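Architecture at a glance
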Amino acid sequence: MNDDLSHHIAKDLAKKIEDFKPKASARRVGYIQSVTDGVVRIKGLPQVAYLEILDFPHGLLGFAMNLEEDAIGAIVLGDYLALSEGDEVRSTGRLLSMPVSEDFLGRVINPVGAPVDGKGEIKAKQYYPMERIAPGVTSRQPVTTPLQTGIKAIDAMIPIGRGQRELIIGDRNTGKTSIVIDTIINQKDEGVICIYVAIGQKTSRIAGVAAELNHHKSLGHTIIVAASASDPASYQYLAPYAGTAIAEYFMDKGRDVLIIFDDLSKHAWAYRQLSLILRRPSGREAYPGDVFYLHSRLLERACRLDEAHGGGSITALPIIETQANDISAYIPTNVISITDGQLFLESDLFNAGQRPAINVGVSVSRVGGAAQIKAMKKVSGSLKLDLAQYRELAAFAQFSTDVDETTKRQIERGARMLSLLKQGRYIPLPIAKQVTIIWAGSNGYLDDVPVARVDQFEKEFLEFMDRSHKKTLSAITKEKTLTPEIEEQLTRAVGEFKKSFVK
Ligand code: ATP
Ligand code: MG
């Protein structure tokens, strides 16, 4: 090497050394005290923040969870078996965050953003924090746009608005997941991005959901965040935050997002498990005392932003599984109290063939009514009345033999309306069709159709509308209200159809 050059390099190095300001003050070091099931106790690191990323040996990462005066509890992401007592741990000053990108659409990822669907790497340039303070009231606006599920019983009776939090609650195997899958399928042409967060389910089930969505061409607007039953509790704990971080990324772009947590009961279990290992004091049903705060902070992040903040929204549909319909258990009570409404699913209804098994008498949506289109509001008003009367009279009529004509008619009508609320899977109905069929029912056009044939009537009538009265359906979609002309067209159409319908 020539002398000049080496001299130059030496000078350059000397300058670099002079200019070097150690950043070490931001990097603090602690030591592992113990490792149990992926949870580590660390001595030192006094200034670490909740959810701060920690650097472990062997390239492992983790995050701080439990901050005590003399030690911290942390969760290791990855193969914690490589760690042992005395190992060094460094704090990073960065909070746990989630890679976010449009490229996540159509993919199944784990709660740290790595794809698990074997479809290759996803490049993300941006990161969003897993925990974020929910937007304040000043940047929110009231919920006024419907989130159409395509399910008659919901859109007509318990409507959900964009930005709302509606709980779906019921025992095992009552059709909870089916409702949200149909809702996702119904967003295909609605421009709503869907995030399905699967927590503690069997891997095969999650794969099943992905396959169903793909089959119904609805994976493209969906992201599945999966933490299965065989994943560590830490992943199951993180999954809803990971999903919400992605949801916020899209909301900040002004998009409407639907996020589903399937389910928060299992999330609470994962949190309980982590807390037990962390030796946190536990309260009711052995859950740590702050599990309520945990879920309320999470669901608080669902909202509708005002125009100044882009006008995006996050609608949250958390799911809770009950045991023997017990909604007074700790987690159900908590989540009921922090949502804007609840859909109660019941095994009795499910087994009696009333599917979706929503008990429309007790289910509520506190903000959704404001988000219903006028046409639906109008027809659902009489539907609600018919059903309420039916519930009252049917119970009463059971014990009485001489029922007068009016009562009998009301019972007959109610039975038909209830039957109209039945709906199979994978056939979400556009709102115009829902309005059309409920209009027909509440105007008595099904009164002479046997209850057992109601679904047949509905199917054929709506096909007939598609074939011969497409304009009327489009008019309902466009006008969003039932003008006298539209009602007149509907009357004509149903008259025409009934001539050909074989009862
Ligand atoms: P789990 O508690 O196991 O998560 P779940 O409450 O999510 O169950 P689903 O898995 O959605 O229930 O549905 C249970 C079964 O009921 C499935 O076999 C599904 O096909 C059937 N089912 C759900 N909804 C309907 C429906 N509307 N019509 C007919 N069958 C339905
Ligand atoms: Mg389910």
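Summary of the structure given here. (Residues numbered from 1 in each chain as written. Chains lettered and ligands numbered in written order. Predicted model: local features only at pLDDT ≥ 70, side-chain atom pairs only at ≥ 80, totals over all residues. Heavy atoms only, no water.)

**What to know about the packing of helix α6 (residues 264–277) against helix α7 (residues 291–299)**
Just so we agree on the cut-off: Lines fitted to the C-alpha atoms define the axes, with helices restricted to the stretch that makes contact. Angles between their N-to-C directions range from 0 to 180 degrees. For helices the rule is a DSSP run of H or I covering at least 4 residues; for strands it is a run of E covering at least 2, with both sets numbered from the N terminus onward. Each angle gets one of four labels, with under 35 degrees taken as roughly parallel, over 145 as roughly antiparallel, 65 to 115 as roughly perpendicular, and the rest as oblique. By definition, turning the near helix anticlockwise from the far helix through less than a right angle yields a left-handed crossing, and turning it clockwise yields a right-handed one. Contact definition: two residues touch when any of their heavy atoms are within 4.5 Å. Put simply, Ala, Val, Leu, Ile, Met, Phe, Trp, Tyr, Cys and Pro go in the nonpolar bin, Asp, Glu, Lys and Arg in the charged bin, and everything else, Gly too, in the polar bin.
Interhelical geometry of α6 versus α7 gives an angle of 130 degrees and a closest axis separation of 11 Å. The orientation of α6 with respect to α7, classified from their angle, is oblique. Here the hand of the crossing between α6 and α7 comes out right-handed. Across from Leu264, His267, Ala268 and Tyr271 in α6, the residues of α7 making contact are Val291, Leu294, His295, Leu298 and Leu299. Its residues assigned to classes, the contact of α6 with α7 comprises 7 nonpolar, 2 polar and no charged.

**Quick word on unusual backbone geometry**
Excluding glycine, most residues fall at negative phi; most peptide bonds, likewise, are trans. Counted only if it meets this: Note on exposure labels: buried denotes an accessible area under 20% of the residue type's maximum, exposed denotes more than 50%, and partly exposed covers the range between, all computed with a 1.4 Å probe on protein chains only.
Note that the residue after Asp262, namely Asp263, is joined by a cis bond; omega there is 0 degrees. Counting through the fold element by element, Asp263 comes out in the loop between β13 (256–262) and α6. With an omega of -5 degrees, the peptide bond between Arg355 and Pro356 qualifies as cis. Checked against the element boundaries, Pro356 lands in the loop between α9 (347–351) and β16 (364–365). In this model, Glu285 sits at a positive phi of 50 degrees, which is unusual for a non-glycine residue. In this fold, Glu285 is placed in the loop between α6 and α7. Classification of Glu285 as partly exposed rests on a relative accessible area of 39%. Even without glycine at this site, Tyr426 takes up a positive phi of about 60 degrees. One can find Tyr426 in the loop between α11 (405–420) and α12 (431–442). Here Tyr426 falls in the partly exposed class, since its relative accessible area comes to 25%.

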